[in-house]
Amino acid sequence: MSPNNSLDKGRPMEGSPVPELVTTSKEEIEASEKRVEKLQDLLRLAEKGQEDAVPEIRQILSKHPDLAWRFVDVAHVAEDALIEVMTKEGDLATKELIRCQLEAMRKEIAGKNCSPLEQLLSERVVVTWLEVQFFETLYAQDMPTLTIPQAEHHQKRLDRAHRRHLSAIRALAQIRKLFKGTAITQINIADKQINTTA
Amino acid sequence: MLRFVHRCVTPCQLHRFPNRSVDMGWEKRDRGGLYYTRSKKVDGRVIREYVGGGTLGHLTALQDAQERLRREEEAALWNEERERLEALLALVEQLCEATEVLYRATLLSAGYRRHQRGEWRRKREPKQ
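Because the structure is predicted, anything quoted here is derived from the model rather than measured.

Draft legend 1. Focus on the pairing of strand β3 (residues 45–52) of chain B. Residues and elements named next belong to chain B. Burial within β3 is sparse, with just zero of its eight residues counted as buried. Inspection of the sheet shows strand β2 (residues 34–42) paired to β3 by seven bridges, in the antiparallel sense. Across the sheet, R38 pairs through a bridge with E49, a residue of β3. Between the antiparallel neighbours β2 and β3 lie two residues, among them D43 with a positive phi of about 50°.

So, in structure tokens, the structure goes:
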């Protein structure tokens, strides 16, 4: 394990730069997606037992500490799209109410001083919760008019949403459990990365 | 189109209408004349039901064609709705995939490994 990598010692980096989400360009999002694809390929190799993939994964993560933040933006877009479908057009009050509720949930789940990865995992919990709510409402609304195959399709979709939500909660809980009490802060002084353990 | 047909129409006249599905089920008999039949599935087997010719046949043919049209419209609406929802869920799926990759990559790079595709455990350091 490289001594310069903050991830070696536990908790994912805290204090990594938060990009200006409003100014995130399409190119930047595409670049982040490519990095995640590369990570996915490396993960496959590492899980097959190829040890040399791990340093490369570490390198990508330490080179791009803002990677998790980039996807927080995707979470917001997904959330907005779901709110749009769930509410009537022009019903600004309900839209705002749902947004406030989600914001409160997000704060409660993420807590204070969370790492970017924890923030992203919390966003995922919130979005998947909203997805479950959406499908439950849709199913309840359509139930009287559905044919058996259509009802089965709805049920499958609902099950999938439930599974996604549970897996999001599990991932967040696991990250918190494994990195408990080993907060790592990354400080950059004169382009030199220093990791301090809290 | 068929909803505006008020009088009894023969199969030959129905050829003028764009919805050709109205022609379905008409059989020409050797002794002359047309006979309306329809097929349905009973206990997994296809059974042909003989309805009749003349006014009864034409009325049943129209009724069946309207039912088919209604079902087609319903299926098209259902498909449209499904596609709309799938496009909506693509964003959630993208988010979930990216988060999962980052989560696994972080754990792996922090020295954890997955035990039999389940629990994450700290990898043992080799003894010096």
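Draft legend 2. Structural detail: the interface of chain A and chain B. Facing the 37 residues of chain A at the interface are 22 residues of chain B. Elements represented by at least two residues in the side of chain A that touches chain B include exactly α1 (26–47), α2 (53–63), α3 (67–86), α5 (116–142) and α6 (148–178) of chain A. The element that contributes the greatest number of residues to the side of chain A that touches chain B is α3 of chain A, accounting for ten residues. Of the residues that constitute the side of chain A that touches chain B, the class distribution is 27 nonpolar, five polar and five charged.

Draft legend 3. How the structure looks around the pairing of β2 of chain B. Residue and element names in this part refer to chain B. The sheet contact formed by strand β1 (residues 26–28) and β2 spans three bridges and is antiparallel. Its bridge partner being in β2, K28 is matched across the sheet by L34. The antiparallel pairing of β1 with β2 creates a hairpin that spans five residues between the two strands, and G32 there sits at a positive phi of about 100°.

Draft legend 4. Quick look at the sheet that holds β1 of chain B. Residue and element names in this part refer to chain B. The strand order β1-β2-β3 describes an open sheet built from three strands, whose pairing is antiparallel. Only two strands of the sheet have a single neighbouring strand rather than two, namely β1 and β3. Across the sheet, the mean angle from the axis of one strand to that of its neighbour is 40°, orientation sign disregarded. With respect to the sheet, helix α2 (residues 54–109) is in contact with β2 and β3, its orientation differing from that of β3 by roughly 135°.

Draft legend 5. The packing of α1 of chain A against α2 of chain B, seen in detail. Packing of α1 of chain A against α2 of chain B brings their axes to within 10 Å, and their N-to-C directions diverge by 50°. With respect to α2 of chain B, the axis of α1 of chain A lies oblique. For the crossing formed where α1 of chain A meets α2 of chain B, the hand is left-handed. Residues V36, L39, Q40, L43 and A46 of chain A of α1 of chain A pack against A98, V101, L102, R104, A105 and L108 of chain B of α2 of chain B.

Draft legend 6. Molecular detail of the confidence of the model for chain A. Residue and element names in this part refer to chain A. Considering every residue of chain A, the mean pLDDT works out to 78; 78% of them sit at 70 or more. Confidence drops under pLDDT 50 across residues 1–22; counting only partners more than four residues distant or on other chains, this segment forms 61 contacts. The low-confidence segment residues 184–190 (pLDDT under 50) makes 23 contacts with residues lying over four places distant or belonging to another chain.

Draft legend 7. The arrangement of unusual backbone geometry in detail. In this structure, D43 of chain B takes a positive phi of about 50° despite not being glycine. If you trace the backbone, D43 of chain B turns up in the loop between β2 and β3.

Draft legend 8. Structural detail: α2 of chain B. Residue and element names in this part refer to chain B. Over its 56 residues, α2 runs 79 Å from end to end, which matches the ideal 82 Å to within 8%, given 1.5 Å per residue. Along α2, the helix axis deviates most sharply at L89, where the bend reaches about 30°. In the stretch just after α2, G111 is the one whose phi turns positive, near 95°.

Draft legend 9. Examining the confidence of the model for chain B more closely. Residue and element names in this part refer to chain B. Residues with a pLDDT of 70 or more make up 79% of chain B, whose mean pLDDT is 79. When pLDDT is averaged over each helix and strand of chain B, the minimum, 54, is found for helix α1 (residues 11–14) and the maximum, 89, for β3. Counting interchain partners and residues more than four positions distant, the pLDDT-below-50 stretch residues 1–8 has 13 contacts. Both scores are available for the predicted complex, with the pTM at 0.69 and the ipTM at 0.72.

Draft legend 10. Region of the structure containing the packing of α2 of chain A against α2 of chain B. The N-to-C vectors of α2 of chain A and α2 of chain B enclose an angle of 115°; their axes lie 9 Å apart at closest approach. In this structure, α2 of chain A meets α2 of chain B at a crossing whose hand is left-handed. Residue-level contacts link V54, I57, R58 and L61 of chain A of α2 of chain A to A105, T106, L108 and S109 of chain B of α2 of chain B. Looking at the contact of α2 of chain A with α2 of chain B residue by residue, the class counts come to five nonpolar, two polar and one charged.

Draft legend 11. Quick peek at the nonpolar core. I57, F71 and L121 of chain A together with L95 and L102 of chain B are the most contacted members of the largest nonpolar core, which has 44 residues in total. If you tally residues by element for this core, the top one is α2 of chain B, at eleven residues. Other than its neighbours up to four places away in sequence, L102 of chain B contacts V36, L67, A68, L117 and L120 of chain A.

Rules behind the numbers
Residues numbered from 1 in each chain as written. Chains lettered and ligands numbered in written order. Predicted model: local features only at pLDDT ≥ 70, side-chain atom pairs only at ≥ 80, totals over all residues. Buried ≥ 20, exposed ≤ 12 C-beta atoms within 10 Å, placed from the backbone. Helix = DSSP H or I, 4+ residues; strand = E, 2+ residues; numbered from the N terminus. Pairing = 2+ DSSP bridges. Contact = placed C-beta atoms within 7 Å. Nonpolar A, V, L, I, M, F, W, Y, C, P; charged D, E, K, R; others polar. Axes fitted to C-alpha atoms, helices over the stretch in contact; angles between N-to-C directions. Parallel < 35°, antiparallel > 145°, perpendicular 65-115°, else oblique. Left-handed = near helix turned anticlockwise from the far one by under 90°. pLDDT = per-residue confidence, 0-100. Expected span 1.5 Å × (residues − 1). Bend = angle between axes of the 7 residues up to and from the residue. Core = buried A, V, L, I, M, F, W, Y, C linked by C-beta atoms within 7 Å.

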